[in-house]
Amino acid sequence: MPDVKGKKKVGILISGRGSNMEALIKASHRPDCPYQISLVFSNIEDALGLKTAEKAGIKTAFLDHRGHGGRAAYDKKVLAILQEAELDIVVLAGYMRIVTPEFVSAWEGRMLNIHPALLPSFTGLDTHQRALDAGVRWHGCTVHFVTSELDAGPIITQAAVPVFEDDTEDSLSKRVLKEEHRIYAEALEDLAADRLTIKDNRVFHKKG
Ligand code: GRF
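Note that the coordinates shown come from a computational prediction; the quantities given were computed from them, not determined experimentally. All residue numbers here refer to positions counted from 1 along the written sequence of the relevant chain. Note on the predicted model: pLDDT of at least 70 is required for a residue's local features to be given, and 80 or more for side-chain atom pairs to be given and counted; whole-chain, interface and lining totals, by contrast, use all residues. Side-chain measures here rest on the full set of heavy atoms in the structure, leaving out hydrogens and waters.

Engineer: Explain the layout of surface pockets to me, using residue names and the numbers behind them.
Structural biologist: Reported here for the largest pocket is a volume of approximately 1,100 Å³. As for the largest pocket, its lining consists of 37 residues, and the residues nearest its centre are Gly94, Met96, Ile114, Pro116 and Leu125. Helix and strand assignments follow DSSP, with helices taken as H or I runs no shorter than four residues and strands as E runs no shorter than two, numbered in order from the N terminus. Among the elements that make up the lining of the largest pocket, the one with the highest residue count is helix H6 (residues 169–192) (five residues). Residue composition of the lining of the largest pocket, by class: 13 nonpolar, 15 polar and nine charged. Where each domain starts and ends comes from a domain assignment, either automatic or drawn from a database. Domain assignment of the residues forming the lining of the largest pocket places at least three in each of domain 1 (1–107) and domain 2 (113–207). Cavity: a set of points on a 1 Å grid over the protein atoms alone where a 1.4 Å probe fits but cannot get out. Pocket: an open set with protein on both sides within 12 Å along at least five of seven lines, its lining residues, like those of a cavity, having an atom within 4 Å of a point. Grid points are joined across faces, edges and corners, and a volume is the space filled by probe spheres set on the points. In the scheme used here, Gly and all other residues not listed as nonpolar or charged are polar, with Ala, Val, Leu, Ile, Met, Phe, Trp, Tyr, Cys and Pro taken as nonpolar and Asp, Glu, Lys and Arg as charged.

Next up, the structure:
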């Protein structure tokens, strides 16, 4: 996809299905959207999302995380791929890797993640089952800036969904995922339009 003047260049990192990625691609097609998706990268060769991105005409890249002699060496190579693409913003969307502090600092204030829970509750994996087991009445998702602490960066936005008594992990995750697609596109748009500032670990939204 050729560069469009005035639009921020976004790279999306995925490891699997890529439904959040797809939602961001879809939102980027709006003529007034302040970003374009320039690259989709995966550490998993047969990630479904890579095929979806290719079909959408987006440049893709893959690098297996195994066999590089450790996390630091791997992340350095991924960083080089992203820098080569001259990205403005990096978006983690189901990227199942913990990234190194060096990787985080290269994208400080310019890297987002979506987490399928209302942070700071339920960091880590299996969030939907853990929410059911805890008996919470409300669950949801969070978009946040990435810092070197896992699932703990400044929160940009959240969406809450009710938890019903007959919910299963599957029904609950579907309800949350629908909200993920909506809030991730909104948060990325705010970042790309320079509407976000961080102060004392809190995010402030400029209106307009
Ligand atoms: C989403 O639930 C996201 O919140 C989490 O991983 C899942 C990825 O799903 N980080 P998809 O690949 O975007 O469909």
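Engineer: Any chance you could break down the pattern of salt bridges for me, citing the residues and the numbers?
Structural biologist: For salt bridges, the criterion is a side-chain nitrogen of Lys or Arg within 4 Å of an Asp or Glu carboxyl oxygen. For the structure shown, the criterion picks out 11 salt bridges. Glu179 is paired through a salt bridge with Arg182; the nearest N and O atoms lie 2.5 Å apart. With Glu179 and Arg182 both in helix H6 and three residues apart, the pair spans about one turn of that helix. Residue Arg182 pairs with Glu186 through a salt bridge whose shortest N-O separation is 3.5 Å. With Arg182 and Glu186 both in helix H6, this residue pair falls four residues apart, about one helical turn.

Engineer: With reference to specific residues and values, describe the UniProt feature "site: Raises pKa of active site His" (unreviewed entry) in the protein chain.
Structural biologist: Per the UniProt record, "site: Raises pKa of active site His" (unreviewed entry) is found at Asp151. Residue placement: Asp151 occurs in the loop between strand S6 (138–145) and strand S7 (155–162). Classification of Asp151 as buried rests on a relative accessible area of 11%. Each residue touching Asp151, except ones within four places of it in the same chain, is listed here: Asn113, His115, Leu119, Thr123, Gly124 and His144. Polar contact is defined as a pair of N or O atoms within 3.5 Å, subject to the rule that within protein one atom must be able to donate a hydrogen and the other to accept it, and that residues adjacent in sequence are counted only when both atoms are side-chain atoms. Looking at Asp151, its side chain comes within polar contact range of the main-chain nitrogen of Gly124, at 2.8 Å. UniProt positions are given in the numbering used here, feature names are shortened, and annotations may be inferred rather than shown by experiment. We call a residue buried when its accessible area falls under 20% of the maximum for its residue type, exposed when it is over 50%, and partly exposed in between, using a 1.4 Å probe and counting protein chains only. In what follows, a contact means two residues having at least one pair of non-hydrogen atoms within 4.5 Å.

Engineer: Would you mind going over the site of the ligand in detail, with residue names and values included?
Structural biologist: Definition of nearness: a residue and a molecule or strand are near each other if at least one heavy atom of the residue lies within 4 Å of the molecule or strand. With respect to spatial proximity, the complete set of residues near the ligand consists of Arg17, Gly18, Ser19, Asn20, Gly94, Ile114, Pro116 and Glu180. At 2.5 Å from an oxygen atom of the ligand is found a side-chain nitrogen or oxygen belonging to Arg17. The contact in question runs from a nitrogen atom of the ligand to an N or O atom on the backbone of Ile114, over 3.2 Å. Considering the ligand on its own, with 360 Å² of exposed area, one finds that the protein chains cover 85% of that surface. Tallied by class, residues from the shell around the ligand come to two nonpolar, four polar and two charged. Mapping the shell around the ligand onto the domain boundaries places at least three of its residues in each of domain 1 (1–107) and domain 2 (113–207). Here the accessible surface of atoms and residues is derived via Shrake-Rupley with a 1.4 Å probe, and residues count as covered only by protein chains that are part of the display.

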